[in-house]
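The residues making up each chain are set out below.
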Amino acid sequence: MIDLRQLRQDPDGVRSRLARRLDPSLDDLLEDILALDVRRRAMLSRAEALKAERNKATEEVARRKRAKEPAEDLMADLRASGEEVRVLDTELREVEAALEARALEVPNPPSAECPDGDASANAVIRSWGTVPQFAFEPRPHWELGERLGILDLPRGAKLTGSGFPVFVGLGARLVRALENFMLDLHTREHGYVEVTPPLLLNRASLFGTGQLPKFEEDLYSIERDALYLLPTAEVPVTNLHRDEILDGASLPLGYVASTPCFRREAGAHGKDTRGLIRVHQFDKVELVRFVRPEDGPAEHERITAHAEAVLQRLGLPYRVLSLAAGDIGFASARTLDLEVWAAGVNGWLEVSSASTFTDFQARRANIRFRPEAGAKPEFVYTLNASGLAFPRTIIALLENGQQADGSVQIPEALAPYLGTDRLVPRA
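An account of the accompanying structure is given in this report. (Residues numbered from 1 in each chain as written. Predicted model: local features only at pLDDT ≥ 70, side-chain atom pairs only at ≥ 80, totals over all residues. Heavy atoms only, no water.)

**Observations regarding the sheet that holds strand E11 (residues 318-322)**
Stated formally: By the convention used here, strands pair only if DSSP detects at least 2 bridges between them. Runs of H or I in DSSP of at least four residues are treated as helices and runs of E of at least two as strands, each being numbered from the N terminus. A contact between two residues is defined here by any heavy atoms of the two lying within 4.5 Å. Angles here are taken between N-to-C directions and fall from 0 to 180 degrees, while the axes themselves are lines fitted to C-alpha atoms, restricted in helices to the stretch in contact.
A sheet is described by the order of its strands in space; here eight strands give the open sequence E1-E11-E12-E13-E16-E10-E9-E4, paired in mixed fashion. In the strand order of this sheet, the two ends are held by strand E1 (123-128) and strand E4 (193-194), each with one partner. Where strand E13 (residues 347-356) and strand E16 (residues 381-389) come together, three bridges link them in antiparallel fashion. Residue Ala354 lies in a different strand from E16, and its bridge partner there is Ala385. Each of E1, strand E10 (281-291), E11, strand E12 (334-342), E13 and E16 touches helix H10 (residues 296-313); the most contacted strand, E16, lies at about 10° to it.

Set out below in C-alpha coordinates:
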(Lines give C-alpha, C1' and ligand atoms only; values in the text may rest on other atoms or scores of the structure.)
Protein backbone atom coordinates (compact mmCIF):
# COMPACT_ATOMS: atom_id res chain seq x y z
CA MET A 1 0.00 0.00 0.00
CA ILE A 2 1.27 3.46 -0.85
CA ASP A 3 2.76 5.56 1.96
CA LEU A 4 0.51 8.66 2.04
CA ARG A 5 3.06 10.68 4.01
CA GLN A 6 5.66 10.09 1.34
CA LEU A 7 3.15 10.99 -1.37
CA ARG A 8 2.30 14.28 0.41
CA GLN A 9 5.94 15.19 0.95
CA ASP A 10 7.22 14.25 -2.51
CA PRO A 11 4.35 13.82 -4.99
CA ASP A 12 6.57 14.44 -8.00
CA GLY A 13 9.10 11.86 -6.83
CA VAL A 14 6.43 9.20 -6.30
CA ARG A 15 4.85 10.09 -9.64
CA SER A 16 8.16 9.78 -11.51
CA ARG A 17 8.92 6.40 -9.92
CA LEU A 18 5.50 5.05 -10.79
CA ALA A 19 5.74 6.45 -14.32
CA ARG A 20 8.36 3.78 -15.02
CA ARG A 21 5.54 1.22 -14.92
CA LEU A 22 4.28 2.70 -18.20
CA ASP A 23 0.69 2.96 -16.98
CA PRO A 24 -0.69 6.41 -17.90
CA SER A 25 -3.73 5.97 -15.64
CA LEU A 26 -1.53 6.19 -12.55
CA ASP A 27 -1.17 9.98 -12.86
CA ASP A 28 -4.92 10.49 -12.55
CA LEU A 29 -5.05 7.96 -9.73
CA LEU A 30 -2.42 9.84 -7.73
CA GLU A 31 -4.25 13.14 -8.30
CA ASP A 32 -7.47 11.57 -6.98
CA ILE A 33 -5.65 10.27 -3.91
CA LEU A 34 -4.04 13.62 -3.17
CA ALA A 35 -7.37 15.43 -3.56
CA LEU A 36 -9.14 12.95 -1.26
CA ASP A 37 -6.32 13.26 1.27
CA VAL A 38 -6.57 17.08 1.27
CA ARG A 39 -10.32 16.83 1.75
CA ARG A 40 -9.94 14.27 4.55
CA ARG A 41 -7.42 16.40 6.46
CA ALA A 42 -9.61 19.51 6.08
CA MET A 43 -12.59 17.58 7.45
CA LEU A 44 -10.51 16.24 10.33
CA SER A 45 -9.36 19.76 11.15
CA ARG A 46 -12.94 21.08 11.08
CA ALA A 47 -14.20 18.18 13.22
CA GLU A 48 -11.49 18.76 15.81
CA ALA A 49 -12.22 22.49 15.90
CA LEU A 50 -15.95 21.82 16.36
CA LYS A 51 -15.33 19.34 19.15
CA ALA A 52 -13.02 21.81 20.91
CA GLU A 53 -15.70 24.52 20.64
CA ARG A 54 -18.31 22.11 21.98
CA ASN A 55 -16.11 21.24 24.97
CA LYS A 56 -15.81 24.93 25.84
CA ALA A 57 -19.52 25.48 25.34
CA THR A 58 -20.36 22.48 27.51
CA GLU A 59 -18.18 23.85 30.31
CA GLU A 60 -19.85 27.25 29.97
CA VAL A 61 -23.33 25.67 30.11
CA ALA A 62 -22.33 23.83 33.29
CA ARG A 63 -20.99 27.06 34.80
CA ARG A 64 -24.17 28.98 33.98
CA LYS A 65 -26.36 26.26 35.45
CA ARG A 66 -24.36 26.35 38.66
CA ALA A 67 -24.74 30.12 38.71
CA LYS A 68 -28.44 29.78 37.77
CA GLU A 69 -27.84 31.87 34.65
CA PRO A 70 -29.73 31.28 31.38
CA ALA A 71 -27.95 28.89 28.94
CA GLU A 72 -30.63 28.22 26.29
CA ASP A 73 -28.64 30.00 23.57
CA LEU A 74 -25.54 27.91 24.20
CA MET A 75 -27.58 24.70 24.35
CA ALA A 76 -29.15 25.55 20.99
CA ASP A 77 -25.65 26.12 19.59
CA LEU A 78 -24.55 22.77 21.02
CA ARG A 79 -27.44 20.97 19.35
CA ALA A 80 -26.62 22.59 16.00
CA SER A 81 -22.89 21.88 16.27
CA GLY A 82 -23.63 18.32 17.40
CA GLU A 83 -25.63 17.74 14.25
CA GLU A 84 -22.79 19.21 12.16
CA VAL A 85 -20.29 16.89 13.87
CA ARG A 86 -22.47 13.85 13.17
CA VAL A 87 -22.82 14.80 9.50
CA LEU A 88 -19.11 15.53 9.27
CA ASP A 89 -18.20 12.19 10.86
CA THR A 90 -20.38 10.36 8.35
CA GLU A 91 -18.84 12.21 5.43
CA LEU A 92 -15.36 11.67 6.83
CA ARG A 93 -15.89 7.90 6.97
CA GLU A 94 -17.04 7.97 3.33
CA VAL A 95 -14.00 9.98 2.26
CA GLU A 96 -11.63 7.72 4.20
CA ALA A 97 -13.19 4.63 2.61
CA ALA A 98 -12.83 6.16 -0.85
CA LEU A 99 -9.23 7.17 -0.09
CA GLU A 100 -8.33 3.67 1.08
CA ALA A 101 -9.98 2.07 -1.96
CA ARG A 102 -8.08 4.33 -4.35
CA ALA A 103 -4.80 3.88 -2.48
CA LEU A 104 -5.13 0.10 -2.85
CA GLU A 105 -5.02 0.52 -6.63
CA VAL A 106 -1.51 1.98 -6.56
CA PRO A 107 1.22 -0.57 -7.39
CA ASN A 108 4.60 -0.76 -5.74
CA PRO A 109 7.06 1.69 -7.36
CA PRO A 110 9.82 -0.16 -9.27
CA SER A 111 13.28 -0.19 -7.74
CA ALA A 112 16.14 1.62 -9.41
CA GLU A 113 17.64 -1.73 -10.46
CA CYS A 114 14.75 -2.50 -12.84
CA PRO A 115 15.56 -1.76 -16.50
CA ASP A 116 13.39 0.92 -18.08
CA GLY A 117 10.80 -0.15 -20.62
CA ASP A 118 8.27 -2.93 -21.22
CA ALA A 119 8.83 -6.71 -21.44
CA SER A 120 11.07 -6.24 -24.49
CA ALA A 121 13.59 -4.53 -22.17
CA ASN A 122 13.90 -7.50 -19.77
CA ALA A 123 17.62 -8.06 -19.33
CA VAL A 124 19.47 -11.37 -19.04
CA ILE A 125 21.92 -10.89 -16.18
CA ARG A 126 23.42 -14.40 -16.01
CA SER A 127 22.97 -17.91 -17.31
CA TRP A 128 23.97 -21.41 -16.25
CA GLY A 129 24.43 -24.73 -18.03
CA THR A 130 24.58 -25.76 -21.66
CA VAL A 131 21.58 -26.04 -23.95
CA PRO A 132 21.40 -29.73 -25.02
CA GLN A 133 21.95 -30.74 -28.61
CA PHE A 134 20.26 -33.77 -30.17
CA ALA A 135 21.06 -35.99 -33.16
CA PHE A 136 17.30 -36.38 -33.62
CA GLU A 137 14.28 -34.08 -33.60
CA PRO A 138 13.37 -33.64 -29.90
CA ARG A 139 9.72 -34.28 -29.05
CA PRO A 140 7.54 -31.92 -26.98
CA HIS A 141 6.63 -33.05 -23.49
CA TRP A 142 2.98 -33.80 -24.26
CA GLU A 143 4.06 -36.43 -26.78
CA LEU A 144 6.72 -37.79 -24.44
CA GLY A 145 4.30 -37.90 -21.50
CA GLU A 146 1.75 -39.87 -23.50
CA ARG A 147 4.31 -42.35 -24.87
CA LEU A 148 5.76 -42.86 -21.38
CA GLY A 149 2.29 -43.33 -19.91
CA ILE A 150 2.85 -40.69 -17.22
CA LEU A 151 0.65 -37.81 -18.41
CA ASP A 152 -3.06 -37.98 -19.30
CA LEU A 153 -4.32 -34.61 -20.50
CA PRO A 154 -7.59 -35.85 -22.10
CA ARG A 155 -8.83 -37.44 -18.87
CA GLY A 156 -7.90 -34.31 -16.93
CA ALA A 157 -10.04 -32.30 -19.34
CA LYS A 158 -12.85 -34.86 -18.91
CA LEU A 159 -12.73 -34.60 -15.13
CA THR A 160 -12.55 -30.83 -14.87
CA GLY A 161 -11.62 -29.01 -18.07
CA SER A 162 -8.64 -27.83 -20.05
CA GLY A 163 -5.65 -26.90 -17.91
CA PHE A 164 -6.18 -29.59 -15.24
CA PRO A 165 -3.65 -32.37 -15.99
CA VAL A 166 -3.61 -35.89 -14.60
CA PHE A 167 -0.27 -37.54 -13.77
CA VAL A 168 -0.29 -41.34 -13.80
CA GLY A 169 2.03 -44.02 -12.41
CA LEU A 170 5.62 -42.82 -12.54
CA GLY A 171 4.28 -39.40 -13.52
CA ALA A 172 2.50 -39.11 -10.16
CA ARG A 173 5.63 -40.43 -8.46
CA LEU A 174 7.68 -37.82 -10.34
CA VAL A 175 5.52 -35.05 -8.86
CA ARG A 176 6.01 -36.51 -5.38
CA ALA A 177 9.76 -36.94 -6.00
CA LEU A 178 10.16 -33.31 -7.03
CA GLU A 179 8.28 -32.15 -3.94
CA ASN A 180 10.42 -34.18 -1.55
CA PHE A 181 13.65 -33.28 -3.35
CA MET A 182 12.93 -29.53 -3.26
CA LEU A 183 11.66 -29.52 0.33
CA ASP A 184 14.70 -31.46 1.53
CA LEU A 185 17.06 -29.07 -0.26
CA HIS A 186 15.42 -25.92 1.08
CA THR A 187 14.98 -27.15 4.67
CA ARG A 188 18.22 -29.07 5.15
CA GLU A 189 20.64 -26.87 3.20
CA HIS A 190 18.98 -23.45 2.94
CA GLY A 191 17.50 -23.32 6.45
CA TYR A 192 13.80 -22.79 5.65
CA VAL A 193 11.07 -23.84 8.06
CA GLU A 194 8.52 -26.08 6.34
CA VAL A 195 4.86 -25.08 6.56
CA THR A 196 1.70 -26.86 5.41
CA PRO A 197 -0.88 -24.06 5.10
CA PRO A 198 -4.62 -24.14 4.38
CA LEU A 199 -5.61 -24.24 0.71
CA LEU A 200 -8.65 -22.01 1.32
CA LEU A 201 -8.05 -18.36 2.18
CA ASN A 202 -10.14 -15.44 3.42
CA ARG A 203 -10.20 -12.01 1.82
CA ALA A 204 -7.90 -10.51 4.45
CA SER A 205 -5.10 -12.87 3.46
CA LEU A 206 -5.40 -12.10 -0.26
CA PHE A 207 -5.68 -8.41 0.53
CA GLY A 208 -2.46 -8.58 2.54
CA THR A 209 -0.31 -9.86 -0.32
CA GLY A 210 -1.96 -7.73 -3.01
CA GLN A 211 -4.12 -10.20 -4.96
CA LEU A 212 -7.26 -8.41 -3.79
CA PRO A 213 -8.98 -6.30 -4.82
CA LYS A 214 -7.16 -5.88 -8.15
CA PHE A 215 -6.88 -9.51 -9.32
CA GLU A 216 -10.16 -11.02 -8.13
CA GLU A 217 -10.97 -12.28 -11.64
CA ASP A 218 -7.89 -14.52 -11.58
CA LEU A 219 -8.98 -16.29 -8.39
CA TYR A 220 -11.18 -19.34 -7.91
CA SER A 221 -13.74 -18.43 -5.26
CA ILE A 222 -16.22 -20.27 -3.05
CA GLU A 223 -18.90 -17.62 -2.69
CA ARG A 224 -21.01 -19.47 -0.12
CA ASP A 225 -18.17 -19.41 2.40
CA ALA A 226 -16.46 -16.20 1.21
CA LEU A 227 -13.23 -18.13 0.67
CA TYR A 228 -10.77 -18.48 -2.20
CA LEU A 229 -8.54 -21.30 -3.45
CA LEU A 230 -4.95 -20.22 -2.97
CA PRO A 231 -3.21 -18.98 -6.13
CA THR A 232 0.21 -19.53 -4.53
CA ALA A 233 1.55 -20.47 -1.10
CA GLU A 234 3.01 -16.96 -0.94
CA VAL A 235 -0.39 -15.80 0.30
CA PRO A 236 -0.94 -17.96 3.40
CA VAL A 237 2.74 -18.09 4.33
CA THR A 238 3.21 -14.31 4.17
CA ASN A 239 0.03 -13.84 6.18
CA LEU A 240 1.28 -16.11 8.97
CA HIS A 241 2.60 -12.93 10.58
CA ARG A 242 -0.24 -10.56 9.64
CA ASP A 243 -0.91 -8.01 12.40
CA GLU A 244 2.17 -9.13 14.33
CA ILE A 245 5.29 -7.39 15.61
CA LEU A 246 8.32 -9.62 15.13
CA ASP A 247 11.44 -9.65 17.23
CA GLY A 248 14.16 -8.04 15.13
CA ALA A 249 16.67 -10.55 16.49
CA SER A 250 14.68 -13.35 14.81
CA LEU A 251 15.10 -11.90 11.31
CA PRO A 252 15.56 -13.06 8.66
CA LEU A 253 12.77 -15.64 8.80
CA GLY A 254 12.43 -18.13 5.96
CA TYR A 255 9.50 -20.47 5.27
CA VAL A 256 8.94 -23.06 2.56
CA ALA A 257 5.62 -24.65 1.59
CA SER A 258 4.55 -27.12 -1.08
CA THR A 259 0.96 -26.73 -2.24
CA PRO A 260 -1.26 -27.04 -5.26
CA CYS A 261 -2.00 -23.65 -6.82
CA PHE A 262 -5.20 -22.59 -8.58
CA ARG A 263 -5.34 -19.77 -11.13
CA ARG A 264 -7.97 -18.75 -13.61
CA GLU A 265 -5.46 -16.54 -15.45
CA ALA A 266 -8.37 -14.66 -17.00
CA GLY A 267 -6.11 -12.61 -19.28
CA ALA A 268 -4.24 -15.57 -20.74
CA HIS A 269 -6.90 -17.50 -22.68
CA GLY A 270 -5.54 -19.13 -25.82
CA LYS A 271 -1.92 -18.41 -24.90
CA ASP A 272 0.57 -21.30 -24.57
CA THR A 273 -2.17 -23.82 -23.88
CA ARG A 274 -0.45 -26.99 -25.14
CA GLY A 275 0.51 -29.57 -22.56
CA LEU A 276 1.78 -28.24 -19.23
CA ILE A 277 3.00 -24.83 -20.35
CA ARG A 278 -0.01 -22.96 -18.91
CA VAL A 279 -2.38 -24.79 -16.57
CA HIS A 280 -5.02 -23.80 -14.02
CA GLN A 281 -3.95 -26.24 -11.29
CA PHE A 282 -0.33 -27.07 -10.55
CA ASP A 283 2.00 -27.92 -7.70
CA LYS A 284 4.71 -25.57 -6.52
CA VAL A 285 7.26 -25.23 -3.75
CA GLU A 286 7.28 -21.63 -2.53
CA LEU A 287 9.93 -19.73 -0.56
CA VAL A 288 9.02 -16.72 1.60
CA ARG A 289 11.37 -14.51 3.61
CA PHE A 290 10.83 -11.72 6.15
CA VAL A 291 13.87 -9.46 6.47
CA ARG A 292 15.13 -6.12 7.75
CA PRO A 293 14.85 -3.31 5.16
CA GLU A 294 18.62 -2.76 5.02
CA ASP A 295 19.07 -6.45 4.14
CA GLY A 296 16.53 -6.41 1.30
CA PRO A 297 18.89 -6.38 -1.73
CA ALA A 298 21.20 -9.07 -0.35
CA GLU A 299 18.23 -11.22 0.67
CA HIS A 300 16.79 -10.89 -2.83
CA GLU A 301 19.98 -12.36 -4.27
CA ARG A 302 19.94 -15.06 -1.60
CA ILE A 303 16.38 -16.26 -2.28
CA THR A 304 17.08 -16.21 -6.02
CA ALA A 305 20.18 -18.34 -5.49
CA HIS A 306 18.10 -20.82 -3.48
CA ALA A 307 15.75 -21.25 -6.44
CA GLU A 308 18.69 -21.49 -8.85
CA ALA A 309 20.18 -24.29 -6.74
CA VAL A 310 17.24 -26.54 -7.64
CA LEU A 311 17.91 -26.13 -11.37
CA GLN A 312 21.63 -26.63 -10.89
CA ARG A 313 21.12 -29.87 -8.94
CA LEU A 314 18.80 -31.09 -11.72
CA GLY A 315 21.32 -30.09 -14.38
CA LEU A 316 18.78 -27.94 -16.22
CA PRO A 317 20.19 -24.98 -18.19
CA TYR A 318 18.60 -21.67 -17.25
CA ARG A 319 18.99 -17.93 -17.42
CA VAL A 320 18.14 -15.14 -14.97
CA LEU A 321 16.23 -12.11 -16.24
CA SER A 322 15.83 -8.78 -14.47
CA LEU A 323 12.30 -7.74 -15.41
CA ALA A 324 11.80 -4.22 -16.73
CA ALA A 325 9.86 -1.67 -14.71
CA GLY A 326 6.93 -1.97 -17.11
CA ASP A 327 6.76 -5.76 -16.73
CA ILE A 328 7.01 -6.43 -12.99
CA GLY A 329 3.98 -7.53 -10.99
CA PHE A 330 1.64 -5.19 -9.12
CA ALA A 331 3.18 -5.76 -5.66
CA SER A 332 6.79 -6.24 -6.73
CA ALA A 333 9.55 -3.64 -6.53
CA ARG A 334 11.95 -5.87 -8.44
CA THR A 335 11.62 -9.34 -9.96
CA LEU A 336 14.24 -11.78 -11.20
CA ASP A 337 12.77 -14.50 -13.42
CA LEU A 338 14.41 -17.90 -13.85
CA GLU A 339 13.80 -19.31 -17.32
CA VAL A 340 14.64 -22.93 -18.00
CA TRP A 341 15.47 -24.23 -21.47
CA ALA A 342 13.01 -26.76 -22.91
CA ALA A 343 14.30 -28.55 -26.00
CA GLY A 344 11.00 -29.96 -27.26
CA VAL A 345 9.25 -26.61 -27.47
CA ASN A 346 12.55 -24.97 -28.40
CA GLY A 347 12.28 -22.08 -25.97
CA TRP A 348 12.87 -20.60 -22.54
CA LEU A 349 10.09 -21.11 -19.99
CA GLU A 350 9.68 -19.18 -16.76
CA VAL A 351 9.97 -21.60 -13.87
CA SER A 352 10.40 -19.16 -10.98
CA SER A 353 9.91 -15.50 -10.16
CA ALA A 354 11.99 -14.19 -7.28
CA SER A 355 10.55 -10.88 -6.08
CA THR A 356 11.24 -8.30 -3.43
CA PHE A 357 8.18 -6.36 -2.28
CA THR A 358 10.01 -3.92 0.01
CA ASP A 359 7.40 -2.92 2.64
CA PHE A 360 4.45 -2.98 0.21
CA GLN A 361 2.91 -6.22 1.49
CA ALA A 362 3.92 -5.51 5.06
CA ARG A 363 1.91 -2.27 5.04
CA ARG A 364 -1.16 -4.05 3.71
CA ALA A 365 -0.81 -6.97 6.14
CA ASN A 366 0.54 -4.85 9.04
CA ILE A 367 3.67 -6.96 9.57
CA ARG A 368 6.24 -5.11 11.65
CA PHE A 369 9.38 -5.80 13.64
CA ARG A 370 11.07 -4.15 16.58
CA PRO A 371 14.71 -3.41 15.62
CA GLU A 372 15.77 -3.66 19.25
CA ALA A 373 14.18 -3.79 22.69
CA GLY A 374 12.06 -0.70 23.30
CA ALA A 375 12.46 0.60 19.74
CA LYS A 376 9.54 1.81 17.64
CA PRO A 377 8.21 -0.96 15.35
CA GLU A 378 9.04 -0.74 11.63
CA PHE A 379 7.62 -2.56 8.62
CA VAL A 380 9.53 -5.64 7.51
CA TYR A 381 10.48 -6.33 3.90
CA THR A 382 8.96 -9.45 2.35
CA LEU A 383 10.36 -11.57 -0.49
CA ASN A 384 9.29 -14.74 -2.23
CA ALA A 385 10.40 -17.09 -4.98
CA SER A 386 9.12 -20.29 -6.55
CA GLY A 387 11.53 -22.99 -5.61
CA LEU A 388 10.24 -24.33 -8.09
CA ALA A 389 6.93 -24.61 -9.96
CA PHE A 390 6.49 -28.23 -11.09
CA PRO A 391 4.87 -28.15 -14.57
CA ARG A 392 7.65 -26.38 -16.43
CA THR A 393 10.30 -28.17 -14.39
CA ILE A 394 8.74 -31.42 -15.57
CA ILE A 395 8.66 -30.08 -19.14
CA ALA A 396 12.40 -29.38 -19.00
CA LEU A 397 13.19 -32.73 -17.38
CA LEU A 398 11.31 -34.67 -20.06
CA GLU A 399 12.34 -32.63 -23.09
CA ASN A 400 16.00 -32.15 -22.18
CA GLY A 401 16.46 -35.69 -20.86
CA GLN A 402 14.88 -37.52 -23.80
CA GLN A 403 16.90 -40.18 -25.58
CA ALA A 404 16.83 -41.51 -29.14
CA ASP A 405 15.00 -44.68 -28.02
CA GLY A 406 12.15 -42.63 -26.51
CA SER A 407 13.27 -43.02 -22.92
CA VAL A 408 14.04 -40.10 -20.58
CA GLN A 409 17.16 -39.91 -18.43
CA ILE A 410 16.46 -38.71 -14.88
CA PRO A 411 19.04 -36.43 -13.16
CA GLU A 412 21.23 -38.10 -10.58
CA ALA A 413 19.98 -35.88 -7.76
CA LEU A 414 16.34 -36.83 -8.42
CA ALA A 415 16.74 -40.55 -9.15
CA PRO A 416 16.78 -41.68 -5.47
CA TYR A 417 13.48 -39.88 -4.87
CA LEU A 418 11.88 -41.35 -7.99
CA GLY A 419 13.30 -44.83 -7.49
CA THR A 420 14.71 -45.02 -11.02
CA ASP A 421 17.11 -43.13 -13.24
CA ARG A 422 15.14 -43.65 -16.45
CA LEU A 423 11.59 -43.43 -17.73
CA VAL A 424 10.83 -45.83 -20.57
CA PRO A 425 7.97 -45.87 -23.11
CA ARG A 426 5.04 -48.16 -22.55
CA ALA A 427 5.28 -51.52 -24.29
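There is more to say after this.
**Things to note about the packing of helix H5 (residues 141-148) against helix H12 (residues 390-401)**
Operational definition: Convention used here: angles under 35 degrees read as roughly parallel, angles over 145 as roughly antiparallel, angles from 65 to 115 as roughly perpendicular, and any remaining angle as oblique. Gly falls in the polar group here, along with every residue not listed as nonpolar (Ala, Val, Leu, Ile, Met, Phe, Trp, Tyr, Cys, Pro) or charged (Asp, Glu, Lys, Arg).
Between H5 and H12, the least distance of the axes is 9 Å, while the angle of their chain directions is 80°. Viewed along their axes, H5 and H12 adopt a mutual orientation that is roughly perpendicular. Note on element contacts: H12 touches H5 through Ile395, Leu398 and Glu399, opposite His141, Leu144 and Leu148. Grouping the amino acids of the contact of H5 with H12 by side-chain chemistry returns four nonpolar, one polar and one charged.

**Examining the pairing of E10**
What counts is decided by this rule: Between buried and exposed lies partly exposed: a residue is buried under 20% and exposed over 50% of the maximum accessible area for its type, with that area taken using a 1.4 Å probe on protein chains only.
Burial analysis of E10 places nine of its 11 residues in the buried class, which makes it a mostly covered element. For strand E9 (residues 253-262) and E10, the ladder comprises 10 bridges, and the chain directions are antiparallel. Residue pairing for E10: Cys261 is matched across the bridge by Phe282. Relative to E16, E10 is paired through seven bridges, and the arrangement is antiparallel. Bridging across to E16, Leu287 finds its partner in Ala385.

**Section: the pattern of salt bridges**
Cut-off, in case you're wondering: The salt bridge criterion pairs a side-chain nitrogen of Lys or Arg with a carboxyl oxygen of Asp or Glu, the two atoms within 4 Å.
Following the criterion strictly, the structure yields 26 salt bridges and no others. For Asp37, the salt bridge is made with Arg40, and the minimal N-O distance between the two is 3.1 Å. One end of the pair is Asp37 and the other is Arg40, both in helix H3 (residues 25-66) and three residues apart, which spans about a single turn. The pair formed by Asp37 and Arg40 is uniform in burial state, with each residue classed as buried. Salt-bridge contacts for Glu294 lead to Arg292; the nearest nitrogen and oxygen are separated by 3.9 Å. For Arg292, a relative accessible area of 19% puts it in the buried group. Each of Asp3, Arg5, Asp359 and Arg363 takes part in salt bridges that share partners, so that together they form one network.

**Thoughts on the sheet that holds strand E14 (residues 367-370)**
Pairing within the open sheet is mixed, and its three strands lie in the order E8-E14-E15. Edge positions in the sheet fall to strand E8 (244-247) and strand E15 (378-379), since each has one partner strand and no second. Sheet analysis places E8 next to E14, joined by four bridges and oriented parallel. Bridge pairing in E14 links Ile245 to Arg368.

**Here we look at the packing of aromatic side chains**
Short version of the rule: Each Phe, Tyr or Trp ring (for Trp, its six-membered ring) is paired with any other whose centre lies within 6.5 Å, and the angle between the two planes then decides the class: stacked below 30 degrees, edge-to-face above 60, tilted in between.
Under the definition given, this model contains eight aromatic pairs. When the centroid spacing of 5.8 Å and the interplanar angle of 20° are considered together, the rings of Trp128 and Tyr318 count as stacked. Taken together, the positions of Trp128 in strand E1 and Tyr318 in strand E11 put the pair 190 residues apart, joining distant regions of the chain. Judged by relative accessible area, which is 32%, Trp128 ranks as partly exposed. With 5.8 Å between their ring centres and 80° between their planes, Phe215 and Phe330 make a pair best called edge-to-face. One end of the pair, Phe215, is in the loop between helix H8 (203-209) and strand E6 (221-222); the other, Phe330, is in the loop between E11 and E12, and 115 residues separate them in sequence. Owing to a relative accessible area of 29%, Phe215 belongs among the partly exposed residues under this scheme.

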